[in-house]
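Overview (structure and organization)
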Amino acid sequence: MVYLNFLFVACIIASLVFYFYFKTKQFRSTLPIRRKWYTAKAGVALAAFLIFFGLNATILYPDILGFAVAAIFFIIGAGLGVNNYKRMQHEGRYIKEEYELNR
């Protein structure tokens, strides 16, 4: 149980690091499609944070309230992740084209 908690905490920290990394890339980007692409990538990292946070809540609080909170976090994270993953795939198609046009 302790190792699983450690694994979830490491995943939570990693997803937050990726979130802040992609948000920084978003603010520094000058091209609009690339900015939207980084926004979607940051949303996927935020969704991973919510999912791992919900899974960690089931370990820390193994009662009905803990499972209810975990289910809410998991559902919101999964919806956010699917939506942002689709956006990331869609906008990723136009990254190279936008770069070639704005050379």
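First things first, this report covers the structure right here in the doc. Worth saying up front: this structure is predicted, and the values here are computed from it rather than measured. (Residues numbered from 1 in each chain as written. Predicted model: local features only at pLDDT ≥ 70, side-chain atom pairs only at ≥ 80, totals over all residues. Heavy atoms only, no water.)

**Here's the deal with the overall build of the protein chain**
Counting its regular elements, the protein chain contains 4 helices and 0 strands. Along the chain direction, N to C, the helices and strands of the protein chain fall in the order α-α-α-α. Taken over the C-alpha trace, the protein chain has a radius of gyration of 17 Å; the compact-globule value for 103 residues is 13 Å, which it surpasses by more than 25%. Expressed along its principal axes, the backbone C-alpha trace of the protein chain runs to roughly 55 × 20 × 15 Å. (Helix = DSSP H or I, 4+ residues; strand = E, 2+ residues; numbered from the N terminus. Rg over C-alpha atoms; globule rule 2.2 N^0.38 Å.)

**Section: the packing of helix α2 (residues 32-60) against helix α3 (residues 64-92)**
One way to put it is that α2 packs onto α3 with a least axis distance of 7 Å and a crossing angle of 160 degrees. Judged by the inter-axis angle, α2 sits roughly antiparallel to α3. Crossing hand, α2 versus α3: left-handed. The residue inventory of the contact of α2 with α3, partitioned by class, reads 19 nonpolar, 9 polar and 4 charged. (Axes fitted to C-alpha atoms, helices over the stretch in contact; angles between N-to-C directions. Parallel < 35°, antiparallel > 145°, perpendicular 65-115°, else oblique. Left-handed = near helix turned anticlockwise from the far one by under 90°. Nonpolar A, V, L, I, M, F, W, Y, C, P; charged D, E, K, R; others polar.)

**Here's the deal with a nonpolar patch on the surface**
A cluster of nonpolar side chains, contributed by M1, L4 and L7, occupies part of the molecular surface with about 330 Å² of accessible area. When you line up the elements, L4 lands in helix α1 (residues 2-28). Relative accessible area serves as the criterion here: at 38%, L4 is assigned to the partly exposed category. (Patch = residues over 30% accessible without salt bridge, like charges linked within 9 Å, V, L, I, M, F, W, Y side chains within 5 Å. Areas by Shrake-Rupley, 256 points an atom, 1.4 Å probe, with all protein chains shown as cover. Salt bridge = Lys/Arg side-chain N within 4 Å of Asp/Glu carboxyl O. Buried < 20%, exposed > 50% of the residue type's maximum accessible area, 1.4 Å probe, protein only.)

**Description of the nonpolar core**
Among the nonpolar cores identified, the biggest contains 7 residues, and these are F22, W37, Y38, A40, A42, M88 and I95. Ranked by the residues each element gives to this core, the list is headed by α2, at 4 residues. Not counting residues within four places of it along the chain, the set of residues in contact with I95 comprises I33, R34 and W37. (Core = buried A, V, L, I, M, F, W, Y, C linked by side-chain atoms within 4.5 Å. Contact = heavy atoms within 4.5 Å.)

**Description of the packing of aromatic side chains**
All chains considered together, the criterion is met by 8 aromatic pairs. Plain terms: the ring middles of F18 and F22 are 6.3 Å apart, the flat faces sit at 20 degrees to each other, and that makes the pair stacked. With F18 and F22 both in helix α1 and 4 residues apart, this pair spans about one turn of that helix. On the basis of relative accessible area, F18 is assigned to the partly exposed category, the value being 47%. By relative accessible area, F22 is classed as buried at 14%. Ring pairing ties together the aromatic residues F18, Y21, F22, W37 and Y38, which thus form one cluster. (Phe/Tyr/Trp six-rings, centres within 6.5 Å; stacked < 30°, edge-to-face > 60°.)

**Focus on the packing of α1 against α2**
The interhelical angle for the contact between α1 and α2, taken along N-to-C directions, is 160 degrees, at an axis separation of 8 Å. Judged by the inter-axis angle, α1 sits roughly antiparallel to α2. Along this stretch, α1 crosses α2, giving a crossing that reads as left-handed.

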